[in-house]
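# Summary of structural features
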Amino acid sequence: MIPNLDEFYMREAIKEAEKAAAADEVPIGAVIVIGGEIVARAHNLRENRQNAIAHAELLAIDRACQRTGSWRLEGASLYVTLEPCAMCAGAIVLSRVERVVYGAADPKGGCAGTLMNLLDESRFNHQCEVNPGVLEAECGGMLSAFFRRLRMKKKEAKSRAELSEIEEDTGFDS
């Protein structure tokens with residue numbers, strides 16, 4: 001596939017990741033392309049749904065299956081802003097996605113080449129082509145900024161709680 005086309009579709013996945021960030025979700029987005037057409041879009045909804053399996057890839061696979069009327073997504077390319085985890089890699093293999101293109105590597109949970117590569121495991125009955133690092137800096141930057149803001153919020157909340165405790169102990173308000 002033409003690298004510029006990979007960047008085009010990754011930018012569509014980034015738009016989904018931006019939706020996730022706007023909803024206070026980890027900014028991960030995914031799109032599935034079949035025959036040059038985006039057949040599914042999704043972003044993380046794990047926090048909002050309080051559902052461990054509401055990952056962008058799984059939601060996109062589900063939507064693509066509904067749209068195509070088949071659980072087999074043969075000929076499909078999945079574009080995702082973060083390297084798939086073990087759960088998502090399993091679903092990718094089982095749904096017969098042909099190709100996975102991801103942005104940022106996941107050193108703590110990546111199963112498309114970083115920790116292991118479940119997508120190219122010869123003992124499975126299906127393997128996927130993997131193209132890592134497409135718009136990696138942009139995808140990784142979104143994740144870094146999100147977690148930086150999250151840490152800052154937690155630190156501010158802790159400071160407010162400590163100040164409240166001091167006020168209660170001393171009887172003074174700030």
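Note: the structure precedes this text.
Below you will find a few notes about this structure. Please read these numbers as outputs of a predicted model, since none were measured by experiment.

### Side note on the overall build of the chain
Within the chain, the secondary structure is distributed over 5 helices and 5 strands. Traced from its N-terminal end to its C-terminal end, the chain shows the element sequence α-β-β-α-α-β-α-β-β-α. Split into buried and exposed, the 174 residues of the chain put 45% on the buried side. Within the chain, contacts between residues separated by at least 24 positions form 57% of all contacts whose residues are at least 6 apart in sequence. Summing over all exposed atoms, the chain offers an accessible surface of approximately 9700 Å²; the carbon and sulfur share of this is 53%.

### Thoughts on the pairing of strand E4 (residues 99-104)
Most of E4 is tucked away: 6 of the 6 residues are buried. Sheet topology note: the strand E3 (residues 76-82)/E4 ladder contains 5 bridges and is parallel. Across the sheet, Tyr79 pairs through a bridge with Val101, a residue of E4. Regarding the hand of the β-α-β motif, the stretch spanning E3, helix H4 (residues 86-94) and E4 is right-handed. Looking at chain direction, E4 and strand E5 (residues 129-131) are connected through 3 bridges and run parallel. Paired with Val100 across the two strands is Val130, which belongs to E5.

### A look at the pattern of salt bridges
For the structure shown, the criterion picks out 9 salt bridges. For Arg67, the salt bridge goes to Glu37, with nearest N and O atoms at 2.6 Å. With Arg67 in helix H3 (residues 56-68) and Glu37 in strand E2 (residues 37-43), the pair connects residues that are 30 residues apart, well separated along the chain. Here Arg123 ties to Glu121 by a salt bridge, and the two come within 2.7 Å at their closest N and O atoms. The exposure class assigned to Arg123 is exposed, which follows from its relative accessible area of 72%. Through salt bridges with shared partners, a single ionic network connects Asp6, Arg99 and Glu129.

### Details of H3
Between the first and last C-alpha of H3 there are 18 Å, a value that for 13 residues agrees with the 18 Å anticipated at 1.5 Å per step. When we look at burial in H3, the residues that qualify are Ala56, Glu57, Leu58, Leu59, Ala60, Ile61, Ala64 and Cys65. Residues of H3 that are buried in the fold lie against strand E1 (29-34), E2, helix H2 (46-49), E3 and H4. Once H3 finishes, Gly69 follows within two positions and takes phi at roughly 75°, a positive value.

### Description of the nonpolar core
Formed by 52 residues in total, the largest nonpolar core has its most connected members in Met10, Ile32, Leu73, Ile92 and Leu119. Contributions of two or more residues to this core are made by helix H1 (3-22), E1, E2, H3, E3, H4, E4 and helix H5 (136-170). The dominant element in this core, judged by the number of residues it contributes, is H3, at 7 residues. Aside from chain neighbours lying at most four places away, what touches Leu73 is Ile32, Ile34, Ile61, Ala64, Cys65, Thr68, Ser95, Arg96, Val97 and Glu98.

### Structural notes on the packing of aromatic side chains
Scanning the model with the defined rule gives 3 aromatic pairs in all. Ring geometry for Phe8 and Tyr9: centres 5.1 Å apart, planes at 75°, overall edge-to-face. For Phe8, a relative accessible area of 46% corresponds to the partly exposed category. The rings of Phe8, Tyr9 and Tyr79 are connected pair by pair, giving a single aromatic cluster.

Procedures and definitions
Residues numbered from 1 in each chain as written. Predicted model: local features only at pLDDT ≥ 70, side-chain atom pairs only at ≥ 80, totals over all residues. Heavy atoms only, no water. Helix = DSSP H or I, 4+ residues; strand = E, 2+ residues; numbered from the N terminus. Buried < 20%, exposed > 50% of the residue type's maximum accessible area, 1.4 Å probe, protein only. Contact = heavy atoms within 4.5 Å. Areas by Shrake-Rupley, 256 points an atom, 1.4 Å probe, with all protein chains shown as cover. Pairing = 2+ DSSP bridges. Right-handed = clockwise from strand over helix to strand, strands pointing away. Salt bridge = Lys/Arg side-chain N within 4 Å of Asp/Glu carboxyl O. Expected span 1.5 Å × (residues − 1). Core = buried A, V, L, I, M, F, W, Y, C linked by side-chain atoms within 4.5 Å. Phe/Tyr/Trp six-rings, centres within 6.5 Å; stacked < 30°, edge-to-face > 60°.

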